[in-house]
Amino acid sequence: MMRLTRREFGMAVVAATVVRPILAQQRAPNRSYINGVQFGLQPFCYHDLAMTRENRPELIRRLVQNEMGMVELHATWVEPRFNTPGDSDEQARERLRRWRLEASPDYYRAIRKEFDDVGIEIFSYYVNFDGFTDEELDASFRAAKILGAKGCVSSYGLAFAKRIAGFAGRHGMFMGLHNHANLHDPDALATEESFIKGLALSPDFRVALDIRHYTAANGDCLAFLEKHHGNIVGIHLGDRRRNGGRSTPFGEGDAPIIEILRMIRDNKWPIVALLEFEHGTLRTEVEEVRLMYDYCKRALA
Amino acid sequence: MRRGILIAVVAELMVSSAFVSGQSLPPLRPGYDLAYLGPPLADPVIQQAKETYVVMGCAYCHGIDLTPRGEAADLRRSPIVAADVNGNRIIPLLKAGVPKTLKLSPMPQYSDLSDRQLSDLVRWIHYARRPAESRRQ
């Protein structure tokens, strides 16, 4: 029988008592719960819309138009920008740091209400944590919690993951490890092996699997889901070609979108499917999201 | 609402400018995102190049007008683009991508594109990089 060290036992207890209940909360269906799969949107899809807090009303309008009930909200939709003419990048960064530490909980409550009022849940809060102080990290998790998010997601490598280990757990949240397709950088999250290393760093780390990039990095998405579904909180759903290939409309690349959606449905896994794509289109982005979403709905019909 | 008004105004301007110049602009494709992509260019070759650039996803990172987002290279200041003659530098890079990088998201490879599509991408990059006043309309 495998023996656990005291540290491993402690991590297992935290995982069982903190993260599991968080994941269980995902099961409440909403507007974009389709035939057993909870869908949402990563608003990068609206390529033409600058991700600023001033554009948040338009973002919400589009999400409703696209019949989305869940979103992964990037912090830039929430936070101000301080890049005023004459100020250096360092000055702007410092002002933003101060703003984060001083922002009132009511500020975030008001934003949550904007989404609540139209029936959209903020599933996760996407923050580029690079360069954050400990106080900023805590402030961001506090903000995410007030917004209603179950956790934060960010893009970084293993070294930085080690740096932020433990922050999410003390706020009762998960920290999503998000992959790209970089097979050259040994620090990058891109392969199953790198995810396993990342997950070992903290009991509150979970996987936010980007199936486009995982496919482009020649990973086997179905095998990964089969093996690690218990640690996956969400997937970024889109299509790309293998061997570092380009992004494509759904169904034109190598990502097994249909099989993944059916796998989630048939196994009743509480994994949120967040539409996210980088392929280009001459149509409006709202129309493109509708078409990609329709593709997913047909897969589950 | 504002978007609708903007589209109507841009469409009106397109019709008027075509009338004044005596040119007939190509018809818009159904669903063409006029507000984001701008009015179709008078030269159908350049317009085709622009559409290929957008559809292949280049605009997502490098910007339609070459204003980059995030960690993407700034093609306006790229020495590779500056040194390119008829695609001799850009096309090999497109076919191979840029896998050896420490950036989070390496540039994809576009080896599945046809010669025509690759040439379109090169054509648009060179066109968009020129000062606005020197572009043919």
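Look up: the structure comes first, before these words.
A look at unusual backbone geometry
And then number 1: Even without a glycine there, the phi angle at A:Asn243 is positive, about 55°.
And then number 2: You can call A:Asn243 exposed: its relative accessible area is 54%.
And then number 3: Even without glycine at this site, B:Leu66 takes up a positive phi of about 75°.
And then number 4: Structurally, the position occupied by B:Leu66 is in the loop between α4 (58-62) and α5 (79-83).
And then number 5: Judged by relative accessible area, B:Leu66 falls into the buried class, the value being 0%.

Brief notes about the packing of aromatic side chains
All names here are of chain A.
And then number 1: Using the criterion set out here, one finds 15 aromatic pairs over all chains in the structure.
And then number 2: Here Tyr156 and Phe160 contribute two aromatic rings whose centre-to-centre distance is 5.6 Å and whose plane-to-plane angle is 55°, an arrangement assigned as tilted.
And then number 3: Here Tyr156 falls in the buried class, since its relative accessible area comes to 5%.
And then number 4: For the pair Phe250 and Tyr295, a centre-to-centre distance of 6.1 Å together with 85° between the ring planes defines the contact as edge-to-face. Of this pair, Phe250 sits in the loop between β10 (247-248) and α10 (257-267) while Tyr295 sits in helix α11 (residues 285-300), and the two are 45 residues apart along the sequence.
And then number 5: The class of Phe250 is buried, set by a relative accessible area of 6%.
And then number 6: An aromatic cluster of at least three residues, connected via ring pairs, comprises Trp99, Tyr107 and Tyr108.
And then number 7: Above the face of the Phe167 ring, Arg170 is positioned so that its terminal group lies 4.4 Å from the ring centre.

Here's the deal with the packing of helix α7 (residues 192-199) of chain A against helix α9 (residues 221-228) of chain A
Residue and element names in this part refer to chain A.
And then number 1: It is the contact of α7 with α9, at a shortest axis distance of 12 Å, that shows an interaxial angle of 25°. In terms of their interaxial angle, α7 and α9 are classed as roughly parallel. Crossing of α7 over α9 shows right-handed handedness. Contacts between α7 and α9 involve Glu192, Phe195 and Ile196 from the former and Phe224, Lys227 and His228 from the latter.
And then number 2: In terms of residue class, the contact of α7 with α9 is built from three nonpolar, one polar and two charged.

Comments concerning the nonpolar core
And then number 1: Among the nonpolar cores identified, the biggest contains 83 residues, and A:Phe39, A:Tyr125, A:Phe129, A:Ile235, A:Leu237, A:Leu261 and A:Leu275 are the most heavily contacted of them.
And then number 2: Ranked by residue count, the leading element in this core is α11(A), at eight residues.
And then number 3: Not counting residues within four places of it along the chain, the set of residues in contact with A:Phe39 comprises A:Ser32, A:Ile34, A:Met70, A:Leu237, A:Leu261, A:Ala273, A:Leu275, A:Tyr293, A:Cys296 and A:Leu300.
And then number 4: B:Ile46, B:Val54, B:Leu75 and B:Leu121 belong to the second largest nonpolar core, which has 28 residues in total.

Here we look at the pairing of strand β7 (residues 205-210) of chain A
Residue and element names in this part refer to chain A.
And then number 1: Counting buried positions along β7 yields six of six residues, so the element is predominantly enclosed.
And then number 2: Neither face of β7 is open: one carries Phe205, Val207 and Leu209, the other Arg206, Ala208 and Asp210, and all of them are buried.
And then number 3: Strand direction decides the pairing type here: strand β6 (residues 174-178) and β7, joined by four bridges, are parallel. Each residue of the ladder has a partner; that of Gly176, found in β7, is Arg206.
And then number 4: Regarding the hand of the β-α-β motif, the stretch spanning β6, α7 and β7 is right-handed.
And then number 5: Pairing between β7 and strand β8 (residues 232-237): four bridges, direction parallel. Among the inter-strand pairings, Asp210 is bridged to a residue of β8, identified as His236.

Cut-off values and rules
Residues numbered from 1 in each chain as written. Chains lettered and ligands numbered in written order. Predicted model: local features only at pLDDT ≥ 70, side-chain atom pairs only at ≥ 80, totals over all residues. Heavy atoms only, no water. Buried < 20%, exposed > 50% of the residue type's maximum accessible area, 1.4 Å probe, protein only. Helix = DSSP H or I, 4+ residues; strand = E, 2+ residues; numbered from the N terminus. Phe/Tyr/Trp six-rings, centres within 6.5 Å; stacked < 30°, edge-to-face > 60°. Lys NZ or Arg CZ within 6 Å of the ring centre and 35° of its normal. Axes fitted to C-alpha atoms, helices over the stretch in contact; angles between N-to-C directions. Parallel < 35°, antiparallel > 145°, perpendicular 65-115°, else oblique. Left-handed = near helix turned anticlockwise from the far one by under 90°. Contact = heavy atoms within 4.5 Å. Nonpolar A, V, L, I, M, F, W, Y, C, P; charged D, E, K, R; others polar. Core = buried A, V, L, I, M, F, W, Y, C linked by side-chain atoms within 4.5 Å. Pairing = 2+ DSSP bridges. Right-handed = clockwise from strand over helix to strand, strands pointing away.

Note that all results are geometric; they support no functional claim without further evidence.
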